[in-house]
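# Inside the fold
The chain contents come next:
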Amino acid sequence: MILSPIAFCSKTIDLTSNSPVCEGEDLKLKVLNAPVHATFKWTGPDGFESTERNPVLKNASASASGTYYLTLTNNGVSSDPTPIDVTVYPTNTYDTVTIKQGEAYTFGGKPYSEAGDYQHTFKSRNGCDSVVHLHLEVKKKEEVKITVSNNAPLCQGGTLKFEVDGALEGFTYKWSG
């Protein structure tokens, strides 16, 4: 519960909310001790506006996190906009990972090596379980064409030289035979 007091015409009016909440839960903003005939103008993130005394943001998304402002009007006198900060913890996240063919990506404690969509529910320390959606892409191994040539035939005592065309940087080659 978060409280933000408003000093209004020598009366203290408190703003409160049920923040923090998890994404998908209702976010409730509340005014305490307001005059009976007062009017209310709330504004907030994502273009939020309300004239309700105690607005409820149903099925709140993480983008509803931030600062809300209340301007209270009574008998033609308006308060300054008063802020209250709220937090909506995200419960769904989306991630795309690309690995190379033959590699594995560990997600939720399990290794995955095939392209596809996976999800895992992680327990969160803020009380909101988080569902992480993973889109795994597997890049196929590139086919590399390497051509080996030499300076054969040689005369006895000559030096045999090999050349590699299409060699990749960072690779070493071992000759035998």
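For the structure given in this document, a descriptive report is provided here. (Residues numbered from 1 in each chain as written. Predicted model: local features only at pLDDT ≥ 70, side-chain atom pairs only at ≥ 80, totals over all residues. Heavy atoms only, no water.)

### Some words on the sheet that holds strand β16 (residues 130-139)
Formally: If DSSP finds at least two bridges between two strands, the strands pair. Every helix listed is a DSSP run of H or I at least four residues long, and every strand listed is a run of E at least two residues long, numbered separately from the N terminus. The convention used is that axes are lines fitted to C-alpha atoms, helices contributing only their stretch in contact, and that angles between N-to-C directions extend from 0 to 180 degrees.
Taken together, three strands build an open sheet; the order of strands is β12-β16-β15 and the sheet is mixed. Edge positions in the sheet fall to β12 (92-100) and β15 (116-122), since each of these pairs with one other strand and no more. For this sheet the average axis-to-axis angle between neighbouring strands, irrespective of direction, equals 25°. Taken together, the seven bridges between β15 and β16 define a ladder with antiparallel strand orientation. When the sheet's bridge partners are listed, Asp 117 is paired in β16 with His 135.

### With respect to the pattern of salt bridges
For the record, the criterion: For this document, the term salt bridge refers to a Lys or Arg side-chain nitrogen within 4 Å of an Asp or Glu carboxyl oxygen. Note on classification: 1.4 Å probe, protein chains only; a residue is buried when its accessible area is under 20% of the maximum for its type, exposed when over 50%, partly exposed between these limits.
Counted according to the given criterion, the structure contains two salt bridges. With a shortest N-O distance of 3.6 Å, Lys 58 and Asp 26 are connected by a salt bridge. Of this pair, Lys 58 sits in the loop between β7 (56-57) and β8 (66-74) while Asp 26 sits in the loop between β3 (21-22) and β4 (27-32), placing them 32 residues apart in sequence. When its relative accessible area of 62% is taken as the criterion, Lys 58 is described as exposed. The class of Asp 26 is partly exposed, set by a relative accessible area of 26%. For Asp 129, the salt bridge identified is with Lys 123, shortest N-O distance 3.2 Å. Classification of Asp 129 by relative accessible area gives partly exposed; the value is 35%.

### Quick notes on unusual backbone geometry
Backbone torsion omega between Ser 19 and Pro 20 reads 0°, so that peptide bond is classified as cis. Relative to the assigned elements, Pro 20 resides in the loop between β2 (11-17) and β3. Positive phi, normally seen in glycine, also occurs at Asp 46, with a value near 60°. Topologically, Asp 46 is positioned in the loop between β5 (39-44) and β6 (48-50). Even without glycine at this site, Asn 75 takes up a positive phi of about 50°. Following the sequence through the fold, Asn 75 ends up in the loop between β8 and β9 (77-78). For Asn 75, a relative accessible area of 74% corresponds to the exposed category.

### Concerning the state of the cysteines
Filter applied, for reference: Any two cysteine sulfur atoms lying within 2.5 Å of each other are counted as a disulfide.
For the coordinates displayed, the defined rule picks out one disulfide. The disulfide partner of Cys 22 is Cys 128, and the S-S distance across this bridge is 1.8 Å. A torsion of -90° about the S-S bond marks the disulfide between Cys 22 and Cys 128 as left-handed. Of this pair, Cys 22 sits in strand β3 while Cys 128 sits in the loop between β15 and β16; the two residues are 106 residues apart in sequence, bridging distant segments of the chain. Like Cys 128, Cys 22 is buried.

### Quick notes on the nonpolar core
Defined as follows: The criterion is simple. A nonpolar core is a set of buried Ala, Val, Leu, Ile, Met, Phe, Trp, Tyr and Cys residues joined through side-chain atoms within 4.5 Å. When checking whether two residues touch, look at their non-hydrogen atoms; a contact exists if any pair is within 4.5 Å.
Within the largest apolar cluster, 20 residues are counted, with the highest numbers of intra-cluster contacts made by Leu 27, Val 31, Phe 40, Trp 42 and Tyr 68. Elements supplying a minimum of two residues to this core: β2, β4, β5, β8 and β10 (82-86). Every residue in contact with Val 31, bar those within four places of it in the chain, is listed here: Ile 13, Asp 14, Leu 15, Phe 40, Trp 42, Arg 53, Asn 54 and Leu 70. Counting residues in hydrophobic clusters, the runner-up holds seven residues, among them Phe 107, Tyr 112, Val 132 and Leu 134.

### Notes on a nonpolar patch on the surface
Put simply, the rule is: Patches here are clusters of residues that have more than 30% relative accessible area and form no salt bridge, with a 9 Å joining cutoff for like charges and a 5 Å cutoff for nonpolar side chains (Val, Leu, Ile, Met, Phe, Trp, Tyr). A 1.4 Å probe and the Shrake-Rupley method give the accessible areas. Residues count as covered only by the protein chains that appear here.
Taken together, the side chains of Ile 146, Phe 171, Tyr 173 and Trp 175 present a nonpolar region at the surface, about 440 Å² in accessible area. Within the secondary structure layout, Tyr 173 lies in the segment after β18 (162-165). The partly exposed category is assigned to Tyr 173, whose relative accessible area is 37%.

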